[in-house]
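Fold and contact review
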Amino acid sequence: TAERGIQFRAVERASRGAWEGLYVSAGARCLLSYTTLRNATTALTAVGATVQLTNCNLLLAQEDGLMAWGATVLTATNSSFDNNTRRGLYLEGYEVTGAISNCQFRQNGEYPVWLKATAAEMLKGGNRYAGNGVSRLAVSCSLATDIADEDVWTAQGLDFDLTVGAGDHVLTVAAGGRLTLGRGVQVRASALDVAGQFNAQGESGAPCRLLSPRETPAPGDWEGVVLRSGSRAALDWLEVAHARTGLTADGAVLRLWDSTVHHSLYDGVRLTGASVANLRRTRFAGNGRHGAKLEGRALTGLIKNCIFEGNAAQPVWAMAQAVELLRNPNTYTANGLQRLAVSCADDPD
């Protein structure tokens, strides 16, 4: 109880790694409330187990506060993961499920949380992070397919860092998979490759952001988002910054509203194949070539109420048959060449 808690620790309270910690094996259950696990090697290790933490403290571990893999089901509420040498929470397995809410992660030596991309949805609301060695959430994209089901990421006040661990650091959403970024989610990326569905549910005061992994960004720091043939994206209040090309739709359905795509090395958005585009009230600014490149011969849709400013070449480059996507009103300001580039390379156009 709050008045009479339970404590597992070594005799010497300040030591680290003085005992091995709790090990919960496959099929076992560990239900802890008002319990402190102190100065172990790893405070709690779960391998395909069921673990429930309520009002617990996992601290001063020589390695991680909690480590889980296999088909572990983990629920942690109102608990703290503090001052562990490596990470507060380390979810190595892609089969781990559950929910982490209203927990605090303080003064851990590396990332406060490290988990697979498919497990990032476990981070729910009310979590707090302070004083950790790295002020980001480590998201490992090491699987051939990272998102194969329906996942929703919740804003944590820290950026989701997709550049950690082994693998190519490409976040892949499989056909049939769906990834939704909740309001205010910020992602530091290497590349997003979408064969399924990708949604951003930003709002005016809390946009979603896809950003360079570097703190001091430059155009081309990451690849951008590629929407494969048959994929769909519904993106509201999304900022995409410092990619090679911000968004590429190749035979995809793309809705991009109230968003900003800026400082790409090449184009802000590139539409190819038989893509269907609905771009409204979106700003394409400071891109190294064009704000929008419409090079598909079977493009449909519209681009309306958008702003193209400060792009190094023409604001829009389009095949002649794609020019009709440009509807009134759009605004073009201070681009390198204040004309719309229309390619008449087909016969007939």
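Above this text sits the structure in question.
Residues numbered from 1 in each chain as written. Predicted model: local features only at pLDDT ≥ 70, side-chain atom pairs only at ≥ 80, totals over all residues. Heavy atoms only, no water.

Looking at the pairing of strand β18 (residues 159-164)
In plain terms, the rule: Each residue gets one of three labels from its accessible area relative to the maximum for its type: buried under 20%, exposed over 50%, partly exposed in between, using a 1.4 Å probe on protein chains only. Helix and strand assignments follow DSSP, with helices taken as H or I runs no shorter than four residues and strands as E runs no shorter than two, numbered in order from the N terminus. Strand pairing requires that DSSP identify at least two bridges connecting the strands.
The element β18 is extensively covered by neighbouring structure, given that five of its six residues are classed as buried. Examined bridge by bridge, strand β16 (residues 136-140) and β18 share four bridges and lie parallel to one another. Following the sheet pairing, Leu 137 is matched in β18 by Phe 160. Two elements, β18 and strand β21 (residues 186-188), share two bridges in a ladder whose sense is parallel. Bridge pairing links Asp 161 to Arg 188 in β21.

Quick notes on the sheet that holds strand β35 (residues 300-304)
Heads up, the rule is: Between N-to-C directions, angles span 0 to 180 degrees; the directions come from axes that are lines fitted to C-alpha atoms, helices contributing only their stretch in contact.
Taken together, the seven strands give an open sheet; going across it, the order is β17-β20-β23-β26-β29-β32-β35, and neighbouring strands pair in parallel fashion. Two strands lie at the open edges of the sheet, namely β17 (150-153) and β35, each paired on one side alone. Averaged over neighbouring strand pairs, the angle between their axes works out to 10° when direction is ignored.

Here's the deal with the packing of aromatic side chains
This is how the line gets drawn: Aromatic rings from Phe, Tyr and Trp, with only the six-membered ring used for Trp, were paired whenever their centres fell within 6.5 Å, and each pair was classed as stacked if the ring planes differed by under 30 degrees, edge-to-face if by over 60, and tilted otherwise. Two thresholds decide whether a charge sits over a ring: the Lys NZ or Arg CZ must be within 6 Å of the ring centre and within 35 degrees of the ring normal.
By the definition in use, this model includes eight aromatic pairs. Taking 6.5 Å as the distance between ring centres and 20° as the angle between the ring planes, the aromatic pair formed by Phe 8 and Trp 19 counts as stacked. Of this pair, Phe 8 sits in strand β1 (residues 6-8) while Trp 19 sits in the loop between β1 and β2 (22-24), placing them 11 residues apart in sequence. Between Arg 87 and the ring centre of Tyr 90, over which it is positioned, the NZ or CZ distance is 3.9 Å. Of note, Arg 281 hangs over the ring of Trp 257, and the distance from its end group to the ring centre comes to 5.3 Å.

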